[in-house]
Amino acid sequence: MIYSHEVKMMCPVAQGVNHGAAPIPEEAKWVKAKEVTDISGFTHGIGWCAPQQGTCKLTLNVKDGIIQEALIETIGCSGMTHSAAMASEILPGLTILEALNTDLVCDAINTAMRELFLQIVYGRTQSAFSEGGLAIGGGLEDLGKGLRSQVGTMYGTLAKGPRYLEMAEGYVTGIALDENNEIIGYQFVSIGRMMDFIKKGDDANTALEKAKGEYGRVQDAVKIIDPRCE
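Residues numbered from 1 in each chain as written. Predicted model: local features only at pLDDT ≥ 70, side-chain atom pairs only at ≥ 80, totals over all residues. Heavy atoms only, no water.

1. Digging into the overall build of the protein
A count of helical and extended segments in the protein gives 7 helices and 11 strands. What you see for the protein is a C-alpha radius of gyration of 25 Å, clearly larger than the 17 Å of a compact globule of 230 residues, by over 25%. The principal-axis extent of the C-alpha atoms belonging to the protein is close to 90 × 45 × 30 Å. Expressed as a percentage of its 230 residues, the buried residues of the protein come to 35%. Considering only residue pairs separated by 6 or more positions, the protein has 51% of its internal contacts joining residues 24 or more positions apart. (Helix = DSSP H or I, 4+ residues; strand = E, 2+ residues; numbered from the N terminus. Rg over C-alpha atoms; globule rule 2.2 N^0.38 Å. Buried < 20%, exposed > 50% of the residue type's maximum accessible area, 1.4 Å probe, protein only. Contact = heavy atoms within 4.5 Å.)

So this is what it looks like as structure tokens:
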């Protein structure tokens, strides 16, 4: 340790107040975190890239400082999907400090990691007051049975109005309009369910029909339009 001349010349004074770290909530315990291994928690966070053309939602399940589970969801940039694939291999097994200082390939994923790090080390996790935390696999529960991200894609112009393209329920195939040409519902296909039906042996057309659904007052519609063609 190197000390400046001024510090060397100082007379010593006792440091009387030293209560250590303030406790933070971790999986229904109050923990005075001093080492990386003292940190546990399940949490989500979002990040964005420098040009702000894409974003990432990152979900981590940390046990004793080690990332045990990572869910990386990206939108807005084709290259981000490849970065997410790499991050899914990189993150599990790292400490949260290592992950913070590891290049996760994409600005948005790196930014999300930074935001999650702050949540985790300050005890602001989703599992802060859950006894034992969340089991490994909690990230998959966010995706639902079809293991697909919750995506909403909408588009609108002043000249032609709104278009619903994809909802949480699935790919929108029809927009229901009333007599004023206002949207009152939509038809959709659940891509996850359709693929499950195909994997179980249904032909594509049968699977498509079984995976269809609707939301809103579709039965009252004056007309139904294809959001991608009309």
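2. Observations regarding the pairing of strand β9 (residues 183–189)
β9 sits mainly inside the fold: 5 of its 7 residues count as buried. Pairing analysis gives 6 bridges linking strand β8 (residues 170–177) to β9, with the strands arranged antiparallel. Bridge assignment links valine 172 to a residue of β9, and that residue is phenylalanine 188. Counted along the chain from β8 to the antiparallel partner β9, the turn is 5 residues long, and its residue asparagine 181 has a positive phi close to 65 degrees. With 5 bridges joining them, β9 and strand β10 (residues 212–216) adopt antiparallel strand pairing. In the strand pairing of β10, tyrosine 186 is matched with tyrosine 215. (Pairing = 2+ DSSP bridges.)

3. A word on the environment of glutamate 35
For glutamate 35, the position within the fold is in the loop between β2 (29–31) and β3 (41–48). Placed 25 residues apart in sequence, glutamate 35 and methionine 10 show a C-alpha to C-alpha distance of 31 Å.

4. Notes on the pattern of salt bridges
Throughout the structure, instances matching the rule amount to 8 salt bridges. A salt bridge links arginine 114 to glutamate 115; the shortest N-O distance between them is 2.8 Å. For glutamate 115, a relative accessible area of 23% puts it in the partly exposed group. Residue lysine 199 is joined to aspartate 196 by a salt bridge in which the shortest nitrogen-to-oxygen separation is 3.5 Å. With a gap of 3 residues between them, lysine 199 and aspartate 196 both fall in helix α6 (residues 191–199), about one helical turn apart. We classify lysine 199 as exposed; its relative accessible area is 67%. For aspartate 196, a relative accessible area of 24% translates into the label partly exposed. (Salt bridge = Lys/Arg side-chain N within 4 Å of Asp/Glu carboxyl O.)

5. What about the sheet that holds strand β4 (residues 55–63)?
Judged by pairing direction, the sheet is antiparallel, and its 3 strands sit side by side in the order β3-β4-β5 without closing on themselves. The outermost strands of the open sheet, each flanked by one partner alone, are β3 and β5 (66–75). Sheet twist, expressed as the mean angle between neighbouring strand axes with direction ignored, is 15 degrees. Pairing between β4 and β5: 9 bridges, direction antiparallel. When the sheet's bridge partners are listed, leucine 58 is paired in β5 with isoleucine 72. Along the sheet face, helix α2 (residues 78–90) touches β4 and β5 and points at about 175 degrees away from the line of β5. Here helix α4 (residues 107–121) sits on the sheet and contacts β3, β4 and β5; the angle it forms with β3, its principal contact strand, is near 140 degrees. (Axes fitted to C-alpha atoms, helices over the stretch in contact; angles between N-to-C directions.)

6. Remarks on the nonpolar core
Core analysis: the largest hydrophobic core is formed by 25 residues, its most contacted members being Cys56, Leu58, Leu60, Ile72, Leu91, Ile109 and Met113. If you list the elements that add at least two residues to this core, you get β4, β5, α2, α3 (96–100) and α4. Ranked by residues supplied to this core, first place goes to α4 with 7 residues. Ignoring sequence-local partners within four residues, the contact set of leucine 58 consists of Thr43, His44, Gly45, Leu71, Ile72, Leu91, Ile109, Ala112, Met113 and Leu116. One finds Val172, Ile175, Tyr186 and Phe188 within the second-largest nonpolar core, a separate group that totals 7 residues. (Core = buried A, V, L, I, M, F, W, Y, C linked by side-chain atoms within 4.5 Å.)

7. As for the environment of arginine 217
Tracing the chain through its elements places arginine 217 in the loop between β10 and β11 (223–225). Look at arginine 217 and you get partly exposed, because its relative accessible area is 47%. Between the C-alpha atoms of arginine 217 and threonine 125, which are 92 residues apart in sequence, the distance is 39 Å. Not counting chain neighbours up to four residues away, the residues in contact with arginine 217 comprise Ile184 and Gly185.

It is worth stressing that arrangement in space is one thing and function is another; only the former is reported here.
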